[in-house]
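Observations on the model geometry
Here's the letter readout for the chains.
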Amino acid sequence: MHEYPITKRIIEISEEFAKKNNADDIKQINLVVGDYSGYVASSIELYFDLIAEDSICKNAVLNIERVEPKLKCSDCGKLFKRKPFSFACPYCQGEGRPTEIGQEFYIKSIEV
Ligand SMILES: [Zn+2]
């Protein structure tokens, strides 16, 4: 449910961006959402369609680039995707530790 306020905020930021650039239309919003960001990409898409209808974003395409979380091996330093119920490194069987990869949440770009 907390995707509603964040989606509203994305549209507000787009409106401010359009104003600054003297544009009266937003063509595309490129968003980066990590799977561990706490936000569900499909919910943002759903709310976007609802909220954008009455805004400058009504014709905008929302592009969501999803990022899969990755672990970093504490032995060999390689990044890898975690298997269910396991933290083991597929290269050396060392122990993987969580990284920032997959926690992203930001607007990459706005096109007017
Ligand atoms: Zn390793």
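These numbers come from a predicted model, not from an experiment. (Residues numbered from 1 in each chain as written. Predicted model: local features only at pLDDT ≥ 70, side-chain atom pairs only at ≥ 80, totals over all residues. Heavy atoms only, no water.)

Comments concerning the pattern of salt bridges
Counted according to the given criterion, the structure contains 6 salt bridges. With a closest N to O distance of 3.5 Å, E68 and K81 form a salt bridge. With E68 in the loop between β2 (61–67) and β3 (71–73) and K81 in the loop between β4 (79–80) and β5 (96–98), this residue pair connects regions lying 13 residues apart in the sequence. Of the residues examined, E68 reaches a relative accessible area of 42% and is grouped as partly exposed. A residue is classified by how much of its surface remains accessible, and K81, at 48% relative accessible area, is partly exposed. Here the residues in one salt-bridge network are R9, E12 and E16, joined through shared partners. (Salt bridge = Lys/Arg side-chain N within 4 Å of Asp/Glu carboxyl O. Helix = DSSP H or I, 4+ residues; strand = E, 2+ residues; numbered from the N terminus. Buried < 20%, exposed > 50% of the residue type's maximum accessible area, 1.4 Å probe, protein only.)

With respect to the UniProt feature "binding site: Ni(2+)" (unreviewed entry) in the protein
Annotation from UniProt places "binding site: Ni(2+)" (unreviewed entry) at H2. On the secondary structure map, H2 appears in the segment before α1 (3–20). For H2, a relative accessible area of 42% translates into the label partly exposed. Each residue touching H2, except ones within four places of it in the same chain, is listed here: G38 and Y39. (UniProt positions renumbered as here; feature names shortened; annotations may be inferred. Contact = heavy atoms within 4.5 Å.)

Some words on the side chain of S55
Its location among the elements puts S55 in the loop between α2 (41–52) and β2. There is a polar contact of 3.0 Å between the side chain of S55 and the backbone nitrogen of C57. The contact partners of S55, leaving out residues within four places of it in the chain, are I11 and E15. (Polar contact = N/O pair within 3.5 Å; in protein donor to acceptor, adjacent residues only side chain to side chain.)

Observations regarding α1
Every α-helix carries 3.6 residues per turn, so stepping three or four residues along brings you back to the same face. Look at α1: 26 Å from first C-alpha to last across 18 residues, which is about the 26 Å you get at 1.5 Å a residue. For α1, every residue scored as buried is listed here: E3, I6, T7, I10, I11, S14 and A18. Buried residues along α1 cover an arc of 145 degrees about the axis, so they all sit on one side. Exposed positions of α1 whose direction lies more than 90 degrees from the buried face are K19 and K20. Turning to α1, the residues buried within the fold contact β1 (28–34), α2 and β6 (105–111). Of the residues flanking the end of α1, it is N22, one or two places downstream, whose phi is positive at about 55 degrees. (Expected span 1.5 Å × (residues − 1). Arc of directions from axis to C-beta.)

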